[in-house]
Amino acid sequence: MSDLEALREKYLAQIRAAEDEAAIEKVRIAALGKKGEISRRMRTLGKMSPEERRTVGAALNALRDEIDAAIRARREALADAALAKRLEEEWFDVTLPARPRPQGTVHPVSQVTEEIVAIFAELGFSVAEGPQIESDWYNFDALNIPPHHPARQEFDTFYMHRAEGDDRPPHVLRTHTSPVQIRAMEAHGAPIRIIAPGRVYRSDYDQTHTPMFHQVEGLAIDRDVSMANLKWTLEEFCRAFFEVDHVELRFRASHFPFTEPSAEVDIRCSWQGRQLKVGEGEDWMEILGSGMVHPAVLKAGGIDPEEWQGFAFGLGIDRLAMLKYGIPDLRSFFESDLRWLRHYGFAALDIPTLHGGLGR
Ligand code: DAH
C-alpha cells in the first residue's frame, strides 16, 4: 500500500469514528490544518523534481479534496442526527390542556354576591349600581339623614378632602349601599325592583368589622306594596340562599331614618360546634335591616309618595359568606393570603344558578 493510501485510510477512518463536532474539527486540523499532515506534505513538493511533483502533487490534491469532502459530509450527518435526537426528545403534546389544574379561585365575596344576584334575578329584581365615592347628599340627606342628625355619627364615615376655602360639604366613601336607592329612583322612576351589591366603607376594624365591606341593597316600589311582600321576599331569599326548606324569620321593630316602619330581621339558627344550622335551634341571628321606604326618601328620588310605596332592605354580604361557609374572621377576607383563597375559594366557572345549586 502506498504511503498516501495509508494516510487516506487513516483519516477516513478517523472521520468515520468522529462522534461530534469537536472530534471532527480535531481530524481536520491534524490532516488539513496549516501544520496538518497533508499540508506539510504539500510543502515538500517544491523540493521534488518536476516529474515527481506532477504525479505526487495531483495525488495529494486529490487526497486533500477527498478528505475535505468526507469531513463536510460527516459534519452534515452529525448535525442531522443531533437535530433528529432533539426533535425526539423535545416533542410535546399540543392537545394536552394548557393548565391541568386551574390555579385561581373565586373569592367567597364574589361567589356569595353571584348567589344573591341569581336568587333576586329569579324574583324579578335587576342589578343597579352607584359610585363608591358619593356626595354627602346621596349618602345622607336624600335618605332623610340631614346634617347634624345623630345617625351621621353612628356611621364612622370616611370624608374626602376638599381644597382649602371650598366649603361645600365633602364627598364621602359611601357608608352603605342605600344611596343607590335614590340613584335608581332618579334613573328609572316607579315601579322599580332593584338590588344593588357593592363596596361600602366605615372606619372600623375587628373580627367582624373591616374598613371596607360589602352590602346588598334591595328596593321594590309599586302602587300596592306592603310589609307582607317584604317578609315573603326575604323568606324566599333565605330559603334559597341557605338551601333549606324551612326558615323562620323574626322581624324586630327598629329604627332607620330612611324607613318607616323599620325592622331588623333575625333568622332562627343553631350552632353546633362551629357549624351553623339555619331554620332550627334556639338562637337568633341578625342578618339585615329593612322597612317601608320613608315618604321623604321617595320624594328625594323624585317619586310621589301619595301614589307609590315600597320596601327596602340592606344586608351584609361578607356576613352572609361567613355564616354560609363557616369563615370565622372577616379580616382574613381581605388579606389576599393564597392559602386562605385556595381553602375558601370557589372553582372558576362554577357559576351559581338556582337550578344548578348555589354553593359547593
Ligand atoms: N343602610 C343600612 C345600614 O347600612 C341598612 C339598611 C337598613 C338598608 C334598612 C335599608 C333599610 O334599605 O331599609 O346599616
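All values reported here derive from a predicted model rather than from experimental measurement.

## A look at the nonpolar core
In this structure, Ile116, Phe237, Ile267, Phe313 and Leu320 are the most contacted members of the largest nonpolar core, which totals 44 residues. Contact partners of isoleucine 116, with chain neighbours within four places excluded, come to Ile195, Val216, Phe237, Phe241, Leu315, Ile317 and Leu320.

## Details of the layout of surface pockets
In this structure, the largest pocket spans a volume of roughly 1,200 Å³. Taken together, 45 residues make up the lining of the largest pocket; nearest its centre are Arg202, Phe213, Gln215, Glu286 and Arg319. Those elements giving two or more residues to the lining of the largest pocket turn out to be helix H7 (150-154), strand S6 (212-222), strand S7 (249-256), strand S8 (259-272), strand S10 (283-293), strand S11 (309-316) and helix H11 (317-325). By residue class, the composition of the lining of the largest pocket is 19 nonpolar, 16 polar and ten charged.

## Structural notes on helix H9 (residues 227-242)
Taking 1.5 Å per residue, 16 residues should reach 22 Å; H9 reaches 22 Å between its end C-alpha atoms and fits that length. Those residues of H9 not exposed but buried are Leu230, Thr233, Leu234, Glu235, Phe237, Cys238, Phe241 and Phe242. A side-chain oxygen of the first residue of H9 lies 3.1 Å from the backbone nitrogen of alanine 228; this N-cap is serine 226. Of the residues flanking the end of H9, it is glutamate 243, one or two places downstream, whose phi is positive at about 55°.

## Remarks on the packing of aromatic side chains
Evaluated as defined, the whole model comprises 13 aromatic pairs. Arranged with centres 5.3 Å apart and planes meeting at 75°, the rings of phenylalanine 120 and phenylalanine 125 form a pair that is edge-to-face. Assigned by exposure class, phenylalanine 120 and phenylalanine 125 land together as buried. Between phenylalanine 333 and phenylalanine 334, the ring centres sit 5.9 Å apart and the planes meet at 50°, which makes this aromatic pair tilted. What links up through ring pairs into an aromatic cluster is the set Phe120, Phe125, Phe237, Phe241, Phe242, Phe311 and Phe313. When the ring centre of phenylalanine 241 is taken as origin, the NZ or CZ atom of lysine 324, which lies over that ring, is 4.5 Å away.

## With respect to the pairing of S8
With ten of 14 residues buried, S8 lies mostly within the body of the structure. Judged from the seven bridges that link them, S7 and S8 form a sheet pairing that is antiparallel. Pairing of arginine 250 across the sheet is with aspartate 266, part of S8. Hairpin connection of S7 to S8: two residues between the antiparallel strands. In terms of strand pairing, S8 meets S10 through nine bridges, oriented antiparallel. Across the sheet, residue valine 265 finds its bridge partner in S10, namely leucine 288. The pairing of S8 with strand S9 (residues 275-278) spans four bridges and is classified as antiparallel. Within the sheet, the bridge partner assigned to serine 270 lies in S9 and is lysine 277.

## Regarding helix H1 (residues 3-17)
Note on helix geometry: an α-helix contains 3.6 residues per turn, so any two residues three or four positions apart are oriented the same way. With 15 residues, H1 should cover 21 Å at 1.5 Å per step; its first-to-last C-alpha distance of 21 Å lies within 8% of that length. Among the residues making up H1, those that are buried are Leu4, Leu7, Tyr11, Leu12 and Ile15. With its buried residues spanning 120° around the axis, H1 presents them on a single face. Across from the buried face of H1, at angles greater than 90 degrees, the exposed residues are Arg16 and Ala17. Buried residues along H1 sit against helix H2 (21-32), helix H3 (37-43) and helix H4 (50-89).

## Section: unusual backbone geometry
Alanine 190 connects to proline 191 through a cis peptide bond whose omega is -5°. The residue proline 191 is located in the loop between helix H8 (179-188) and strand S5 (192-201) in this model. A cis amide bond links glutamate 260 with the next residue in sequence, proline 261, at an omega value of -5°. Among the structural elements, proline 261 can be located in strand S8. The backbone phi angle of serine 336 is positive, close to 55°, even though this residue is not glycine.

Reading the values: the criteria
Residues numbered from 1 in each chain as written. Predicted model: local features only at pLDDT ≥ 70, side-chain atom pairs only at ≥ 80, totals over all residues. Heavy atoms only, no water. Core = buried A, V, L, I, M, F, W, Y, C linked by side-chain atoms within 4.5 Å. Buried < 20%, exposed > 50% of the residue type's maximum accessible area, 1.4 Å probe, protein only. Contact = heavy atoms within 4.5 Å. 1 Å grid on protein atoms, 1.4 Å probe; cavity = no way out; pocket = protein on both sides within 12 Å on 5 of 7 lines; lining within 4 Å. Points joined across faces, edges and corners; volume = space filled by probe spheres on them. Helix = DSSP H or I, 4+ residues; strand = E, 2+ residues; numbered from the N terminus. Nonpolar A, V, L, I, M, F, W, Y, C, P; charged D, E, K, R; others polar. Expected span 1.5 Å × (residues − 1). Polar contact = N/O pair within 3.5 Å; in protein donor to acceptor, adjacent residues only side chain to side chain. Phe/Tyr/Trp six-rings, centres within 6.5 Å; stacked < 30°, edge-to-face > 60°. Lys NZ or Arg CZ within 6 Å of the ring centre and 35° of its normal. Pairing = 2+ DSSP bridges. Arc of directions from axis to C-beta.

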